[in-house]
Amino acid sequence: MKVALIGVGQAGGKITERLARFDADMGFGAVQGALAINSADADLQSLDIVDTQLIGADRVNGHGVGGDNELGTEVMQSDIQQVLGSLDGRVTSKSEAIFVVAGLGGGTGSGGAPVLVHHLQQVYDVPIYALGVLPGRNEGSLYQANAGRSLKTLLREADSTLLIDNDSWHEQGESVEGAFETINEKIAQRVGLLFASGEAIEGVGESVVDSSEVINTLRAGGVAVLGYATEIASEDSGENITTAMSVSRQALLTGTSLPDATTADSALLVIAGRPDAIPRKGVEKSRRWLEDETGGMQVRGGDFPLDSDRLGALVLLGGAERSDRIEAFMERAREATDAQETESTDHADQFADDRLENLF
Ligand SMILES: Nc1nc2c(ncn2[C@@H]2O[C@H](COP(=O)(O)OP(=O)(O)OP(=O)(O)O)[C@@H](O)[C@H]2O)c(=O)[nH]1
């Protein structure tokens, strides 16, 4: 799937850069253009390979919005024409989708990403997806409250919102901050493989996954979730039937970007590995298992030919917002918003009825 990436805010920029680098290093050619937008100049300076654009200089003078996501919304809104102008040549006629990438807990990305998605929807015919990072449980109430409003607005504006929970892809005991590098690397690899599904050059055959399968899976809208797992594979495909089952199980049950999200409206299973090591029977079995596990709907599928001694399973779920994990997060966000309102009693009544309102 040929994509254009737009990172908003610090996390958005860093993850966009990682994705662009992974795609280039692997030679996939799925990432057609990448731009990072921020109201903090220093964050943009630390990026090497993506193009950058500063917004809100007249309001915050390049210093960021300090976690104020309403200000993040405002600065994106006031500079939207320049932002859309910079996309010329980066979003091309080849682009099959645009991904807006942001950490949802901060200010610039949290507030800016939904506005940007809204405007991109007016300009482009391709699907506009969000790739959003949810704050981990221990990240503090401002982050939780910001992310709640941002997610609510993104779900309204984007064709689908792929969520990565900051608590999911790092080692036990590692702090979230310390784990950013690990998490970003995992996002780059997993989401990078998803982008490259359908772009794989070698071994083109009937069973090879096509990018339309990804787009059709995301057509369910709402929240999307990505899972991934690999194991060393045998050279003989006949010996890899249980491996295919085992990686598929792990990808869904322990390897997703949003733990415990298994109820969905659509699903895609991509099996990656050397074409002659991919067991047809094992792939069929895994697909049937995934169908049962996710509620009985038809599971799309395909191979991703990759020169590797491992067999990997990439599971994409669409319409996964009914999961307990999302409910738990939204509850956290509501509580955080309540706590903030209690602190600023002057304004308490003003917000009382509209907890987690949309950003705009
Ligand atoms: N996975 C991941 N999450 C990050 C990273 N950097 C920040 N975050 C998360 O993103 C949220 C904060 O968003 P940032 O992107 O830092 O903030 P911003 O959008 O630049 O907004 P301001 O700094 O307020 O202008 C928090 O939930 C952080 O935990 C990162 O490199 N990787």
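Keep in mind it's a predicted model, so treat the numbers as computed, not measured.

A. Looking closely at the packing of aromatic side chains. All told, the structure shown has 4 aromatic pairs when counted by the stated rule. Ring geometry for Phe 28 against Phe 304: centres 5.7 Å apart, planes inclined by 65 degrees, an arrangement best described as edge-to-face. Linking Phe 28 in the loop between helix H1 (9-26) and strand S2 (31-38) with Phe 304 in strand S9 (residues 299-305), this pair joins segments that are 276 residues apart in sequence. Phe 304 carries the same exposure label as Phe 28, and that label is buried. Between Phe 99 and Tyr 129, the ring centres sit 5.1 Å apart and the planes meet at 50 degrees, which makes this aromatic pair tilted. Remark: Tyr 129 occurs in strand S5 (residues 128-134) and Phe 99 occurs in strand S4 (residues 97-103); sequence separation between them is 30 residues. Residue Phe 99 shares its accessibility class with Tyr 129, and that shared class is buried. Pairwise contacts between aromatic rings join Phe 22, Phe 28 and Phe 304 into one cluster. Residue placement shows Arg 190 over the ring face of Trp 169; its charged tip is 5.0 Å from the ring centre.

B. Spatial organisation of the nonpolar core. Counting 66 residues, the largest nonpolar core has Met 76, Ile 98, Leu 116 and Leu 120 as the members making the most contacts within it. Formed jointly, this core draws a minimum of three residues from each of two domains, domain 1 (3-196) and domain 2 (225-318). Counting residues in each nonpolar core, the second largest holds 47 residues, with Met 1, Phe 28, Leu 47 and Leu 162 among its members.

C. Geometry of the sheet that holds S4. Overall, mixed pairing links the 10 strands, which are arranged S3-S2-S1-S4-S5-S6-S7-S10-S8-S9 in an open sheet. This sheet does not close on itself; its edge strands, each paired only once, are strand S3 (51-54) and S9. When strand polarity is set aside, the average angle formed by the axes of neighbouring strands in this sheet is 20 degrees. Those strands touched by H1 are strand S1 (3-8), S2, S4 and S5, and its axis lies near 150 degrees from that of S1.

D. Quick look at the site of the ligand. In the neighbourhood of the ligand, 21 residues make up the surrounding shell, with Gly 67, Thr 108, Gly 109, Glu 139 and Asn 184 lying closest. Contacts to the ligand include Ala 11, whose backbone N or O atom sits 2.8 Å from an oxygen atom. Separating an oxygen atom of the ligand from a backbone N or O atom of Val 65 is a distance of 3.2 Å. Taking 650 Å² as the accessible area of the ligand by itself, protein coverage stands at 92%.

About the cut-offs
Residues numbered from 1 in each chain as written. Predicted model: local features only at pLDDT ≥ 70, side-chain atom pairs only at ≥ 80, totals over all residues. Heavy atoms only, no water. Phe/Tyr/Trp six-rings, centres within 6.5 Å; stacked < 30°, edge-to-face > 60°. Helix = DSSP H or I, 4+ residues; strand = E, 2+ residues; numbered from the N terminus. Buried < 20%, exposed > 50% of the residue type's maximum accessible area, 1.4 Å probe, protein only. Lys NZ or Arg CZ within 6 Å of the ring centre and 35° of its normal. Core = buried A, V, L, I, M, F, W, Y, C linked by side-chain atoms within 4.5 Å. Domains from an automatic or database assignment. Pairing = 2+ DSSP bridges. Axes fitted to C-alpha atoms, helices over the stretch in contact; angles between N-to-C directions. Contact = heavy atoms within 4.5 Å. Near = heavy atom within 4 Å. Polar contact = N/O pair within 3.5 Å; in protein donor to acceptor, adjacent residues only side chain to side chain. Areas by Shrake-Rupley, 256 points an atom, 1.4 Å probe, with all protein chains shown as cover.

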